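# Fold and geometry: a report
Take a look at the letters that make up each chain.
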Amino acid sequence: MIDLRSDTVTKPTPEMFEAMMSAQVGDDVFGEDPTVLELEAKGAEILGMEAAIYCPSGTMTNQIGIHILSSPYEEVVCYSGAHIYRYEGGGVAGTSGLSFRLIEGDRGRLNAREIEAQINPNDIHYPKTSIIELENTVNKGGGCYYTLAQIKSINAVAVKHGLKMHLDGARLFNALVETGEKAADYGQYFDTISICLSKGLGAPIGSLLVGSQALINKARRVRKFMGGGMRQVGYIAAAGLYALENNIPRLKEDHKRAKALEEALHKCSMVESVLPVATNIVIFKLKENHKVSETLELLKKKGILAVGFGPHEIRLVTHLDFDDAQLEQSIAIVKSL
Ligand SMILES: *Cc1c(COP(=O)(O)O)cnc(C)c1O
């Protein structure tokens, strides 16, 4: 079975396993796990920020980031298809007591002008706008990405209006291998950045929230009350460290394979359109007479696992465990549909 449901489905390679097995560990709630400390320092350094905190999931790092940048009754501005809005179980409302101001954007990429238009005036009727949240790459937008210049202009709006900036960078490195920009240049434009180690980077578990030392100190308190304080977690942090050190440049290969899938889908008679592939996500729309559920069943029978991603859309995601042989097989399956 070729599993293209998500880039989260990867399993550790023997080399990553070796790094996990030989990790030095301690109790991380006491701040005594050397491998976690090393991973956090490395994550902060890569993104040009002071400190980082290791968490079980990207949902948790997003939720903590939003929480420490806001107070209840305030508002977060983001894309209408943002992960924090659509896929985190309503956490932002529950954990932080915020409302959302949603923007469609260009495949989920927001621009400075449209964000500025959604900032509430200082009037007691309106929630206080406090956070601009961006996603890079944009999952619902089919893996498209921002350039640093776009982010810089959004940051100027944040500075002008005294707003905080949070980045859901679950797939930030997928964006960076395409733009060629440096991760270290990102830190200056955001208060907090969340990155996932368990997506394209291939670790089995884990995300990092990166920010100033003062914010990460706050984040430690929030992670504890959310139940995210883990003990001898260096065994899995070692996988994250291995991923950061070894698996970033190879993301390009995933993007090449996603492009090849896009080409094959263009020739498939069941397919109405395909969102232009920018990184490792392929979202295609079925023609009117085909149902998502039935098409997923058909794909499964032929050996591909995918997920529904809208009333007529299906998503495929390439990753570390999807190789050229599987790509050839997938293309043959798409051709046979
Ligand atoms: C996967 C993902 C996350 C985090 O998800 P978890 O499953 O909680 O790790 C956050 N944002 C985006 C855009 C994602 O794709």
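Residues numbered from 1 in each chain as written. Predicted model: local features only at pLDDT ≥ 70, side-chain atom pairs only at ≥ 80, totals over all residues. Heavy atoms only, no water.

What follows is about the overall build of the chain. Scanning the chain from terminus to terminus reveals 13 helices and 13 strands. For 337 residues, the compact-globule formula gives about 20 Å, and the C-alpha radius of gyration of the chain, at 20 Å, lands near that figure. Taken over the C-alpha atoms alone, the chain extends approximately 55 × 55 × 35 Å along its principal axes. Classification of the 337 residues of the chain by burial places 55% in the buried group. (Helix = DSSP H or I, 4+ residues; strand = E, 2+ residues; numbered from the N terminus. Rg over C-alpha atoms; globule rule 2.2 N^0.38 Å. Buried < 20%, exposed > 50% of the residue type's maximum accessible area, 1.4 Å probe, protein only.)

For any two helices packed against each other, one specifies the crossing angle of their axes together with the interaxial distance. Put simply, helix α11 (residues 251-266) and helix α13 (residues 324-336) touch, their axes get as near as 9 Å, and they point 15° apart. Put simply, α11 runs roughly parallel to α13. Here α11 runs over α13; the crossing is right-handed. Here R257, A260, L261, A264 and L265 of α11 lie close against α13, whose contacting residues are D324, L327, S330, I331 and V334. (Axes fitted to C-alpha atoms, helices over the stretch in contact; angles between N-to-C directions. Parallel < 35°, antiparallel > 145°, perpendicular 65-115°, else oblique. Left-handed = near helix turned anticlockwise from the far one by under 90°. Contact = heavy atoms within 4.5 Å.)

We now examine the site of the ligand. The environment of the ligand is formed by S57, G58, T59, N62, H83, E135, N139, D168, A170, R171, C196 and K199. Contact between the ligand and T59: an oxygen atom at 2.6 Å from a side-chain N or O atom of the residue. In the model, an oxygen atom of the ligand is placed 2.9 Å from a nitrogen or oxygen of the R171 side chain. Here the ligand loses 84% of its free accessible area of 380 Å² to cover by the protein chains. (Near = heavy atom within 4 Å. Polar contact = N/O pair within 3.5 Å; in protein donor to acceptor, adjacent residues only side chain to side chain. Areas by Shrake-Rupley, 256 points an atom, 1.4 Å probe, with all protein chains shown as cover.)

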